[in-house]
Amino acid sequence: MESTNEQTTHKTRKTGWIITISLASLLLLVIIFLVWLYTGSFNQTKASVFKAVPLPAAAVESSFIPYQEVAKRLNSAEQAMGKDDFNKNIVSYQNQIFERLIADKQTRSQAKKAKISVTKQEVDEQYLRLVNQLTDGDQAKFETTIKDNYRLTLEEFKSEVVEPDLIQTKLQVWFNQQKNLNNETFSTSDIILKKLNA
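Attention in this report is confined to the structure presented alongside it. All values derive from a computational prediction rather than experimental measurement. (Residues numbered from 1 in each chain as written. Predicted model: local features only at pLDDT ≥ 70, side-chain atom pairs only at ≥ 80, totals over all residues. Heavy atoms only, no water.)

Let us look at the overall build of the chain. When you go through the chain residue by residue, the secondary structure sums to 9 helices and 2 strands. Listing every helix and strand of the chain by position from the N terminus yields α-α-β-β-α-α-α-α-α-α-α. The C-alpha radius of gyration of the chain comes to 27 Å, more than 25% above the 16 Å expected for a compact globule of 198 residues. Taking the principal axes of its C-alpha atoms as reference, the chain extends roughly 100 × 55 × 30 Å. Put simply, the chain has 198 residues, and 25% of those count as buried. Considering only contacts in the chain between residues 6 or more positions apart, those separated by 24 or more positions represent 54%. Summed over all atoms, the accessible surface of the chain reaches about 14,100 Å², with 57% contributed by carbon and sulfur. A gap of 5 Å separates the mean positions of the 25 positive and 23 negative side-chain charges of the chain. (Helix = DSSP H or I, 4+ residues; strand = E, 2+ residues; numbered from the N terminus. Rg over C-alpha atoms; globule rule 2.2 N^0.38 Å. Buried < 20%, exposed > 50% of the residue type's maximum accessible area, 1.4 Å probe, protein only. Contact = heavy atoms within 4.5 Å. Areas by Shrake-Rupley, 256 points an atom, 1.4 Å probe, with all protein chains shown as cover. Lys, Arg positive; Asp, Glu negative; His and termini not counted. Charge placed at Lys NZ, Arg CZ, Asp CG, Glu CD.)

Structure representation (structure tokens):
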């Protein structure tokens, strides 16, 4: 009887070790896969994975960039450049778009920490400045251009182009006003002011 119990215990331990090793191996493979997926440059293989698996394309602090956003920007770039030109430099364009999305998320995150925001009125005013500058005030022509060339609606253009640029500008102004973050510039400025006042 004891020998049967010992055999059962031995089989249970052996099964437990096999399960533990299998799970550890699987976990290691998942970690290696995720490290590969979320490091290095963005490429066609990674794009295929994101299409097949509903994972975010990137995480910036507590905010995710869904692959759909990356794919939408890639499609817009392809439409604007033409398929042949786009495909010649696809890896470069993918990386530029991906890096821009990450930079936008980082900028928004930093702006939020610094309590910097833009209002709808500021976005609308900047949009009108662009319309005046690029199409001599012809709003219909401008909207047609962004729709035909970039596959963006007016609201998408404002939220994906105008708003991030305004936030970036405000964040730069805020940074330049922070003496503790911009010590060297303030020191140089103080020296110049002292010389001018002397």
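Take the packing of helix 3 (residues 67–81) against helix 5 (residues 90–113) next. The description of two packed helices rests on the angle between their axes and on the distance between the axes. With their axes 10 Å apart at the nearest point, helix 3 and helix 5 run at an angle of 130° to one another. On the basis of their axis angle, the class for helix 3 and helix 5 is oblique. As for the relative orientation of helix 3 and helix 5, their crossing is right-handed in sense. Contact residues: Glu 69, Val 70, Arg 73, Leu 74, Ala 77 and Met 81 in helix 3; Tyr 93, Gln 94, Ile 97, Phe 98, Arg 100, Leu 101 and Asp 104 in helix 5. Here the residues of the contact of helix 3 with helix 5 are counted per class, giving 8 nonpolar, 1 polar and 4 charged. (Axes fitted to C-alpha atoms, helices over the stretch in contact; angles between N-to-C directions. Parallel < 35°, antiparallel > 145°, perpendicular 65-115°, else oblique. Left-handed = near helix turned anticlockwise from the far one by under 90°. Nonpolar A, V, L, I, M, F, W, Y, C, P; charged D, E, K, R; others polar.)

What follows concerns the packing of aromatic side chains. Across all of its chains, the model carries 6 aromatic pairs by this definition. With centroids separated by 6.0 Å and ring planes inclined at 40°, the aromatic side chains of Phe 33 and Trp 36 adopt a geometry described as tilted. One end of the pair, Phe 33, and the other, Trp 36, are both in helix 1 (residues 2–38), 3 residues apart, so they sit about a helical turn from each other. With centroids separated by 5.5 Å and ring planes inclined at 75°, the aromatic side chains of Tyr 127 and Phe 142 adopt a geometry described as edge-to-face. Linking Tyr 127 in helix 6 (residues 120–135) with Phe 142 in helix 7 (residues 139–150), this pair joins segments that are 15 residues apart in sequence. Taking relative accessible area as the criterion, Phe 142 reaches 5% and is therefore assigned buried. Among the aromatic residues, ring-to-ring pairing joins Tyr 38, Phe 50 and Tyr 67 into one connected group. (Phe/Tyr/Trp six-rings, centres within 6.5 Å; stacked < 30°, edge-to-face > 60°.)

Glancing now at a nonpolar patch on the surface. A cluster of nonpolar residues, Ile 19, Leu 23, Leu 26, Val 30, Phe 33, Leu 34, Trp 36 and Tyr 38, forms a patch on the protein surface that exposes about 700 Å² of accessible area. For Leu 23, the position within the fold is in helix 1. (Patch = residues over 30% accessible without salt bridge, like charges linked within 9 Å, V, L, I, M, F, W, Y side chains within 5 Å. Salt bridge = Lys/Arg side-chain N within 4 Å of Asp/Glu carboxyl O.)

It is worth spelling out helix 8 (residues 154–176) at this point. Given a rise of 1.5 Å per residue, 23 residues ought to cover 33 Å, and the 32 Å separating the end C-alpha atoms of helix 8 matches this to within 8%. At Val 162, helix 8 shows its maximal bend, which comes to roughly 30°, and the proline Pro 164 appears one to four places after that position. What helix 8 keeps buried is the set Phe 157, Lys 158, Glu 160, Val 162, Pro 164, Leu 166, Ile 167 and Leu 171. Tucked into the core, helix 8 has its buried residues touching helix 3, helix 5, helix 6 and helix 7. (Expected span 1.5 Å × (residues − 1). Bend = angle between axes of the 7 residues up to and from the residue.)

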